[in-house]
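Listed below, chain by chain, are the residues.
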Amino acid sequence: MVLDSLSTSLKNSLKKITSALFIDEKTVNELVQNIQRALLAADVNVQLVFNLTNKIKERFRDEKPTKDQPKREFLIHIVYDELTNLLGKEKEEIKILQKKPFKIMLVGLFGSGKTSLAGKLANYYKKRNYKVATIGLDVHRPAAPLQLKILSDQVGVHCFIDEKEKDPIKIYKRFEQQYKNYDILIIDTAGRDALLHELIDEIESLNKIIRPDERLLVIPAELGQTAQRQAEQFHKSCSITGLIVTKMDGTAKAGGALSAAAVSGAKIKFIGVGERPNDLETFNPPNFVSRLLGMGDLETLLEKAREAISEEKSKDIEKRLLKGEFNLVDLYEQMQAMSKMGSLSKLMELVPGMSQLKLPKEVLDVQEGKLKHWRYSMNSMTRKELEMPELIDGSRIRRISSGSGVPASEVRDLLKQYRMAKKMMSSIKGKDPEKLMRKFKGRIPGM
Ligand code: GDP
Ligand code: MG
């Protein structure tokens, strides 16, 4: 996941707490020192780190745990809370208004990831059933319009460009009559090497003509702590409505950019976690911290599942998952959806506790071929067997195998996968992060 080494050190520090005999001042001081070291290594600003760790000590000293809450859980809870505050406290979503079109303008310096992000956002909103178009107003880089066009084609949205025109306002006006046919218009703009007057002027004049509903500043994570100053400057000169931190996958120091951006006064709306259109996540501080601490992030998992499966079906599966009801057909649909979404192992990080379980690689690696065999063998099962796979014994396996032409060992594999999934699903019932927090101790092997 992003911020892997930060995540590992935080988890290790907390592990020590869960296994300590007593929680006294000494344990708290040790914990605080470990957290400091971890955050500093992830490039979080020294002052922010000290504020956070002082706060943890203060709260542990002054606040009282609830009646039946063990001290160590109380302490972990405070850590979770303060890390969440460090990263911006609450999620603040972009609200797409009912107007045609809702305009989202992306600004930022050269190479920050604006054009890629235009593709990612188009993809994100298209999957949520909005009619989306992009427009390329970067007239400074010769290849920029074409890059946007290719990305837009890839995700299947319309793209407005004019490669000959050198005035972004003229380009915008040229297609103006057509925008009302779209729910959302995503506007890609030009960058500069620094926030110069030239760039401020350009953004200001685009602002005046386009009047975007959202003006999002794109910041690459490798910028580290400097992200704060950049966000503040842009905020002041071009009234930014939100931030997006990209390239989270590319650096161990992304903690610096995230925490710095969080204090700039503008909220982080999304993070970019890779180069492909799907590599975009909504940024939600509590969930993000849950993931850092290894508790997974059920909400993001369900969100991804929703993208791949139809709304209705995912609601249904979600309900059944949470109730612990789950059969082979569900497993199959899930596997199919997940293989569509990409790497299953990446998804497993999102399931509470799963990032800790070392699953065999072949379990995570669901290949198309395997899925096909599973489908054949499922076609040879009776409805009752599909709904209650527990019924399938050795002689039924032989029958299914000879009926479908799939080796018995693969049928057994399928059943094994089913049992594992069922066990995992029943362990993630109830997605309230507070509850997950309380179960935290029992979840992680060895803790
Ligand atoms: P722009 O100049 O602001 O439009 O930036 P681009 O969108 O052209 O991106 C610059 C480079 O960063 C390209 O090579 C992108 O593929 C890459 N990039 C953008 N976002 C991400 C991300 O989230 N992760 C990684 N690893 N690369 C990214
Ligand atoms: Mg660009």
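Everything numeric here is computed off the predicted structure, so don't read it as measured data.

Chemist: I tried to follow the site of ligand 1 on my own but got confused; where do I start?
Modeler: Neighbouring ligand 1 are 17 residues, the closest being Lys114, Thr115, Ser116, Asp249 and Glu275. One of the backbone N or O atoms of Gly111 is found 2.8 Å from an oxygen atom in ligand 1. Interatomic distance of 3.5 Å between a backbone N/O atom of Gly272 and an oxygen atom of ligand 1. The greatest single-element share of the shell around ligand 1, amounting to four residues, is contributed by helix H5 (residues 114-127). Residues that form the shell around ligand 1 fall into these classes: three nonpolar, eight polar and six charged.

Chemist: Is there a simple way to think about unusual backbone geometry in this case?
Modeler: The phi angle of most residues is negative, glycine excepted, and most peptide bonds adopt the trans form. A cis geometry characterises the amide bond from Lys100 onward to Pro101, with omega recorded as -10 degrees. Positionally, Pro101 belongs in the loop between helix H4 (71-86) and strand E1 (102-107). Positioned with a positive phi, Lys89 is a non-glycine residue whose angle comes to about 70 degrees. With a relative accessible area of 51%, Lys89 lands in the exposed category.

Chemist: Whenever I open this one, helix H2 (residues 25-41) confuses me. Can you help?
Modeler: Because the α-helix completes a turn every 3.6 residues, residues three or four places apart line up on one side. Counted at 1.5 Å a residue, the expected span for H2 with its 17 residues is 24 Å, and the 24 Å between its end C-alpha atoms agrees. Those residues of H2 that sit buried are Thr27, Val28, Leu31, Val32, Asn34, Ile35, Gln36, Ala38 and Leu39. In the segment just after H2, Asp43 is the residue with positive phi, at about 75 degrees.

Chemist: Would you mind showing me how to read the side chain of Arg192 here?
Modeler: Following the sequence through the fold, Arg192 ends up in the loop between strand E4 (184-188) and helix H8 (197-210). Residue Arg192 is classed as buried on the basis of its relative accessible area, which comes to 6%. Setting aside chain neighbours within four positions, we find Arg192 in contact with Gly108, Leu109, Phe110, His140, Glu198, Leu199 and Glu202.

Chemist: Quick question: what am I supposed to make of the pattern of salt bridges here?
Modeler: Close approach of charged atoms allows side chains with opposite charge to pair. Overall, the coordinates contain 16 salt bridges when judged by the stated rule. Here Arg61 ties to Asp62 by a salt bridge, and the two come within 3.2 Å at their closest N and O atoms. The residues Arg61 and Asp62 share a single accessibility class, namely exposed. Measuring nitrogen to oxygen at the nearest pair gives 3.1 Å for the salt bridge that ties Arg291 to Glu281. Placement of the pair is Arg291 in helix H11 (residues 285-292) and Glu281 in strand E8 (residues 280-282), with a sequence separation of 10 residues. Note on Arg291: relative accessible area 6%, which makes it buried. Residue Glu281 is classed as buried on the basis of its relative accessible area, which comes to 9%. Connected through shared salt-bridge partners, Arg59, Glu63, Asp81 and Glu82 make up one network.

Chemist: Mind showing me how you'd approach the sheet that holds E1 here?
Modeler: Note on sheets: strands pair through backbone hydrogen bonds, and any given pair is parallel or antiparallel. Strands sit in the order E3-E2-E4-E1-E5-E6-E7-E8 across an open sheet of eight strands; the sheet is mixed. The sheet is open, and its two borders are formed by strand E3 (158-160) and E8, each paired with just one other strand. Ignoring strand direction, the axes of neighbouring strands in this sheet form an average angle of 25 degrees. Bridge count for strand E2 (residues 132-136) against E4 is five bridges, and the pairing is parallel. Its bridge partner being in E4, Thr134 is matched across the sheet by Ile186. Set on the sheet, helix H6 (residues 144-155) makes contact with E2, E3 and E4; between it and E2 the angle comes to about 170 degrees.

Cut-offs used in this document
- Residues numbered from 1 in each chain as written.
- Chains lettered and ligands numbered in written order.
- Predicted model: local features only at pLDDT ≥ 70, side-chain atom pairs only at ≥ 80, totals over all residues.
- Heavy atoms only, no water.
- Near = heavy atom within 4 Å.
- Polar contact = N/O pair within 3.5 Å; in protein donor to acceptor, adjacent residues only side chain to side chain.
- Helix = DSSP H or I, 4+ residues; strand = E, 2+ residues; numbered from the N terminus.
- Nonpolar A, V, L, I, M, F, W, Y, C, P; charged D, E, K, R; others polar.
- Buried < 20%, exposed > 50% of the residue type's maximum accessible area, 1.4 Å probe, protein only.
- Expected span 1.5 Å × (residues − 1).
- Contact = heavy atoms within 4.5 Å.
- Salt bridge = Lys/Arg side-chain N within 4 Å of Asp/Glu carboxyl O.
- Pairing = 2+ DSSP bridges.
- Axes fitted to C-alpha atoms, helices over the stretch in contact; angles between N-to-C directions.

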